[in-house]
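So you can see what is in the structure, the chains are spelled out below.
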Amino acid sequence: MEEPTTTRTGESTTESAGLFVARLVAGQAAFVAATVHLWWGFPRLLVYLQAGSLADPRPYLFVPSGLLLLGVVGAMLLGRRDRALYAVAAAVLAAYVLGYAWWHLGDHGGLVPGGHARGPLATILEHLLEEPRDFVSMFAELVGLGAFAALLGLDR
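Thresholds, definitions, all that
- Residues numbered from 1 in each chain as written.
- Predicted model: local features only at pLDDT ≥ 70, side-chain atom pairs only at ≥ 80, totals over all residues.
- Heavy atoms only, no water.
- Helix = DSSP H or I, 4+ residues; strand = E, 2+ residues; numbered from the N terminus.
- Buried < 20%, exposed > 50% of the residue type's maximum accessible area, 1.4 Å probe, protein only.
- Contact = heavy atoms within 4.5 Å.
- Areas by Shrake-Rupley, 256 points an atom, 1.4 Å probe, with all protein chains shown as cover.
- Arc of directions from axis to C-beta.

> Give a detailed account of the overall build of the protein chain, specifying residues and quantitative values.
Across its full length, the protein chain carries five helices and zero strands. Mapped from its N terminus to its C terminus, the protein chain presents α and β elements in the order α-α-α-α-α. Among the 156 residues that make up the protein chain, the fraction classed as buried is 35%. Restricting to contacts in the protein chain with at least 6 residues of sequence separation, those with at least 24 account for 58%. Counting only carbon and sulfur atoms, one obtains 69% of the accessible surface of the protein chain, whose full area is about 9,400 Å².

> Go over the environment of W39, please, and point to the residues and values.
Within the fold, W39 resides in helix 1 (residues 13-51). Exposure remark for W39: the relative accessible area of 57% places this residue in the exposed category. Along the sequence, W39 and G66 sit 27 residues apart, while their C-alpha atoms lie 9.4 Å from each other.

> With reference to specific residues and values, describe helix 4 (residues 120-130).
An α-helix turns once per 3.6 residues; consequently, residues spaced three or four apart project the same way. Considered for burial, the residues of helix 4 that qualify are T123, I124, H127 and L128. The arc that holds the buried residues of helix 4, viewed along the axis, is 130°, so those residues lie on one side. Every exposed residue of helix 4 that faces more than 90 degrees away from the buried side is listed here: L121, L129 and E130. Those residues of helix 4 that are buried lie in contact with helix 3 (83-105) and helix 5 (132-154).

Next up, the structure:
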(Lines give C-alpha, C1' and ligand atoms only; values in the text may rest on other atoms or scores of the structure.)
Protein backbone atom coordinates (compact mmCIF):
# COMPACT_ATOMS: atom_id res chain seq x y z
CA MET A 1 0.00 0.00 0.00
CA GLU A 2 1.33 3.43 -0.91
CA GLU A 3 2.00 6.06 1.69
CA PRO A 4 -0.07 9.22 1.33
CA THR A 5 1.87 12.00 -0.31
CA THR A 6 2.26 15.35 1.36
CA THR A 7 0.87 18.58 -0.04
CA ARG A 8 2.54 21.99 0.28
CA THR A 9 0.61 22.73 3.48
CA GLY A 10 1.85 19.53 5.08
CA GLU A 11 -1.42 17.58 5.20
CA SER A 12 -1.65 14.20 3.54
CA THR A 13 -3.65 13.76 0.35
CA THR A 14 -5.83 11.20 2.14
CA GLU A 15 -6.72 13.69 4.85
CA SER A 16 -7.13 16.43 2.30
CA ALA A 17 -9.51 14.29 0.22
CA GLY A 18 -11.61 13.55 3.30
CA LEU A 19 -11.74 17.22 4.24
CA PHE A 20 -12.64 18.13 0.68
CA VAL A 21 -15.57 15.70 0.73
CA ALA A 22 -16.71 16.92 4.16
CA ARG A 23 -16.59 20.55 2.98
CA LEU A 24 -18.43 19.65 -0.22
CA VAL A 25 -21.19 17.78 1.62
CA ALA A 26 -21.46 20.46 4.32
CA GLY A 27 -21.68 23.25 1.76
CA GLN A 28 -24.24 21.51 -0.40
CA ALA A 29 -26.41 20.54 2.56
CA ALA A 30 -26.28 24.08 3.95
CA PHE A 31 -27.19 25.46 0.53
CA VAL A 32 -30.21 23.15 0.23
CA ALA A 33 -31.40 23.93 3.78
CA ALA A 34 -30.95 27.67 3.24
CA THR A 35 -32.76 27.58 -0.11
CA VAL A 36 -35.75 25.71 1.33
CA HIS A 37 -36.04 28.11 4.26
CA LEU A 38 -35.73 31.18 2.04
CA TRP A 39 -38.17 29.76 -0.51
CA TRP A 40 -40.76 29.19 2.22
CA GLY A 41 -39.98 32.19 4.41
CA PHE A 42 -39.33 35.12 2.09
CA PRO A 43 -42.80 35.43 0.50
CA ARG A 44 -44.45 35.05 3.91
CA LEU A 45 -42.10 37.60 5.43
CA LEU A 46 -43.16 40.16 2.83
CA VAL A 47 -46.85 39.50 3.55
CA TYR A 48 -46.35 39.59 7.33
CA LEU A 49 -44.34 42.80 7.18
CA GLN A 50 -47.02 44.49 5.05
CA ALA A 51 -49.73 43.33 7.48
CA GLY A 52 -47.64 44.12 10.56
CA SER A 53 -48.19 40.57 11.77
CA LEU A 54 -46.04 38.76 14.30
CA ALA A 55 -48.40 35.77 14.62
CA ASP A 56 -45.93 33.33 13.06
CA PRO A 57 -42.25 33.89 13.93
CA ARG A 58 -40.87 31.46 11.36
CA PRO A 59 -40.43 33.84 8.41
CA TYR A 60 -38.66 36.33 10.67
CA LEU A 61 -36.25 33.56 11.69
CA PHE A 62 -35.95 31.65 8.41
CA VAL A 63 -34.93 34.54 6.17
CA PRO A 64 -31.97 35.84 8.21
CA SER A 65 -30.81 32.34 9.10
CA GLY A 66 -31.07 31.23 5.47
CA LEU A 67 -29.04 34.25 4.37
CA LEU A 68 -26.49 33.47 7.08
CA LEU A 69 -26.12 29.91 5.78
CA LEU A 70 -25.66 31.21 2.24
CA GLY A 71 -22.94 33.50 3.59
CA VAL A 72 -21.19 30.50 5.16
CA VAL A 73 -21.38 28.61 1.86
CA GLY A 74 -20.05 31.66 0.01
CA ALA A 75 -17.16 32.04 2.45
CA MET A 76 -16.34 28.35 2.05
CA LEU A 77 -16.37 28.71 -1.75
CA LEU A 78 -13.91 31.58 -1.39
CA GLY A 79 -11.56 29.29 0.51
CA ARG A 80 -12.36 30.22 4.10
CA ARG A 81 -11.53 27.36 6.47
CA ASP A 82 -12.63 28.57 9.87
CA ARG A 83 -13.90 26.56 12.85
CA ALA A 84 -16.09 29.50 13.92
CA LEU A 85 -17.73 29.47 10.49
CA TYR A 86 -18.40 25.74 10.80
CA ALA A 87 -19.80 26.22 14.30
CA VAL A 88 -22.22 28.93 13.13
CA ALA A 89 -23.51 26.72 10.31
CA ALA A 90 -23.85 23.72 12.64
CA ALA A 91 -25.75 25.86 15.17
CA VAL A 92 -28.18 27.15 12.54
CA LEU A 93 -28.79 23.64 11.19
CA ALA A 94 -29.29 22.28 14.73
CA ALA A 95 -31.72 25.12 15.43
CA TYR A 96 -33.69 24.15 12.31
CA VAL A 97 -33.91 20.51 13.44
CA LEU A 98 -34.87 21.38 17.02
CA GLY A 99 -37.21 24.13 15.87
CA TYR A 100 -39.04 21.74 13.56
CA ALA A 101 -39.54 19.29 16.40
CA TRP A 102 -40.64 22.05 18.79
CA TRP A 103 -43.07 23.52 16.25
CA HIS A 104 -44.74 20.23 15.41
CA LEU A 105 -44.75 18.73 18.88
CA GLY A 106 -46.06 22.02 20.29
CA ASP A 107 -49.14 21.75 18.06
CA HIS A 108 -47.78 24.10 15.41
CA GLY A 109 -46.54 26.94 17.48
CA GLY A 110 -47.65 26.22 21.02
CA LEU A 111 -45.10 26.39 23.77
CA VAL A 112 -46.18 23.14 25.41
CA PRO A 113 -46.11 19.79 23.58
CA GLY A 114 -49.52 18.35 22.89
CA GLY A 115 -52.32 18.28 20.39
CA HIS A 116 -51.24 15.08 18.67
CA ALA A 117 -52.52 11.65 19.63
CA ARG A 118 -49.35 9.87 18.53
CA GLY A 119 -45.98 9.80 20.26
CA PRO A 120 -43.30 12.42 19.52
CA LEU A 121 -41.32 10.38 16.99
CA ALA A 122 -44.45 9.23 15.13
CA THR A 123 -45.72 12.81 15.02
CA ILE A 124 -42.46 14.14 13.58
CA LEU A 125 -42.26 11.33 11.00
CA GLU A 126 -45.89 11.88 10.03
CA HIS A 127 -45.24 15.57 9.37
CA LEU A 128 -42.02 14.88 7.46
CA LEU A 129 -43.73 12.35 5.21
CA GLU A 130 -46.74 14.59 4.59
CA GLU A 131 -44.64 17.37 3.09
CA PRO A 132 -41.77 16.51 0.71
CA ARG A 133 -40.25 19.96 1.22
CA ASP A 134 -39.95 19.30 4.95
CA PHE A 135 -38.39 15.90 4.32
CA VAL A 136 -35.78 17.29 1.92
CA SER A 137 -34.99 20.13 4.30
CA MET A 138 -34.66 17.86 7.34
CA PHE A 139 -32.45 15.44 5.41
CA ALA A 140 -30.18 18.30 4.32
CA GLU A 141 -30.10 19.73 7.85
CA LEU A 142 -29.10 16.43 9.44
CA VAL A 143 -26.47 15.66 6.78
CA GLY A 144 -25.11 19.21 7.02
CA LEU A 145 -25.05 19.09 10.80
CA GLY A 146 -23.04 15.86 10.65
CA ALA A 147 -20.65 17.24 8.04
CA PHE A 148 -20.06 20.50 9.91
CA ALA A 149 -19.53 18.56 13.14
CA ALA A 150 -16.95 16.44 11.33
CA LEU A 151 -15.24 19.57 10.03
CA LEU A 152 -15.15 21.02 13.52
CA GLY A 153 -13.29 17.94 14.65
CA LEU A 154 -11.03 17.42 11.63
CA ASP A 155 -10.30 20.74 9.93
CA ARG A 156 -7.63 22.43 12.03
